[in-house]
Amino acid sequence: GLGTFIVLLFSDPMVDVLDTLGARTGIPAFYVAFLLAPMASNASEMIASFNYAQKKSQKSISIAFSQLLGAACMNNTFCLGIFYLLIALRGLNWTYHAEVIGTVAAELAVAAIAYRQVHSLFHGFLVLMLMPLCLLFVYILKATAFAGQEK
């Protein structure tokens, strides 16, 4: 009840802020939203995982890392599902090939890392590098394979 109301209250202004930030900086809205929206929407998971990882045991850090990986994959899968549904139901023009390929590639990479029983600092670094690598991948795809398909 209350949580849904709060999300409804703040989601439209959040989208406006991300859109304005993109317009003022000259950065496409996808890249701004790709970086900032997950941090805002998953802030509670990040704080909880950080607090849990503060115990500094191998088990607590692995659980915190797994929690973050699960939240990221679930969030991306859920959002892509809603996105596909909106495209299908409204008959919108599909111009998001590169973004979807990049997001699915990042999810598959996270899934491969998440299947490990124990996570190390190296695995955390790999996951951290997925965001800039995914953005670079999307940029390259848009510049080459899907050039000219956007409005």
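This is a predicted model, so every value here is computed, not measured.

As a further point, take the nonpolar core. Core analysis: the biggest nonpolar cluster contains nine residues, these being Tyr-31, Phe-34, Ala-98, Ala-106, Cys-134, Leu-135, Val-138, Leu-141 and Phe-146. Take this core: its biggest share by element is four residues, from helix α6 (residues 121-143). With sequence-adjacent residues up to four places away left out, Leu-135 is seen in contact with Phe-30, Tyr-31, Phe-34 and Leu-35. Within the second largest apolar cluster, seven residues are counted, among which are Leu-69, Cys-73, Val-127 and Leu-130.

Two quantities define a packed helix pair, namely the angle between the axes and the distance from one axis to the other. As a packed pair, helix α5 (residues 97-114) and α6 sit with axes 9 Å apart at the nearest point and diverge in direction by 160 degrees. The angle between α5 and α6 falls in the class roughly antiparallel. α6 is crossed by α5, and the crossing has right-handed handedness. Contacts between α5 and α6 pair Ala-98, Glu-99, Ile-101, Gly-102, Thr-103, Ala-105, Ala-106, Ala-109, Val-110 and Ile-113 from the former with His-123, Leu-126, Val-127, Leu-130, Cys-134, Phe-137, Val-138, Leu-141 and Lys-142 from the latter.

Taking 1.5 Å as the rise per residue, helix α1 (residues 2-25) with 24 residues should run 34 Å; its terminal C-alpha atoms sit 34 Å apart, in good agreement. At Phe-10, α1 is deflected by roughly 30 degrees, the largest bend along its length, and proline Pro-13 occurs up to four residues later in sequence.

This part takes up the packing of aromatic side chains. Inspection of the entire model under this criterion finds one aromatic pair. Ring geometry for Phe-83 against Tyr-84: centres 6.5 Å apart, planes inclined by 40 degrees, an arrangement best described as tilted. Judged by relative accessible area, which is 26%, Phe-83 ranks as partly exposed.

Now for the pattern of salt bridges. Summed over the entire model, instances satisfying the criterion amount to one salt bridge. In this structure, Glu-99 engages Lys-142 in a salt bridge whose closest nitrogen and oxygen atoms are separated by 2.7 Å. Of the two residues, Glu-99 is situated in helix α5 and Lys-142 in helix α6; the sequence distance between them amounts to 43 residues. The class of Glu-99 is buried, set by a relative accessible area of 7%.

So, how was this worked out
- Residues numbered from 1 in each chain as written.
- Predicted model: local features only at pLDDT ≥ 70, side-chain atom pairs only at ≥ 80, totals over all residues.
- Heavy atoms only, no water.
- Core = buried A, V, L, I, M, F, W, Y, C linked by side-chain atoms within 4.5 Å.
- Buried < 20%, exposed > 50% of the residue type's maximum accessible area, 1.4 Å probe, protein only.
- Helix = DSSP H or I, 4+ residues; strand = E, 2+ residues; numbered from the N terminus.
- Contact = heavy atoms within 4.5 Å.
- Axes fitted to C-alpha atoms, helices over the stretch in contact; angles between N-to-C directions.
- Parallel < 35°, antiparallel > 145°, perpendicular 65-115°, else oblique.
- Left-handed = near helix turned anticlockwise from the far one by under 90°.
- Expected span 1.5 Å × (residues − 1).
- Bend = angle between axes of the 7 residues up to and from the residue.
- Phe/Tyr/Trp six-rings, centres within 6.5 Å; stacked < 30°, edge-to-face > 60°.
- Salt bridge = Lys/Arg side-chain N within 4 Å of Asp/Glu carboxyl O.

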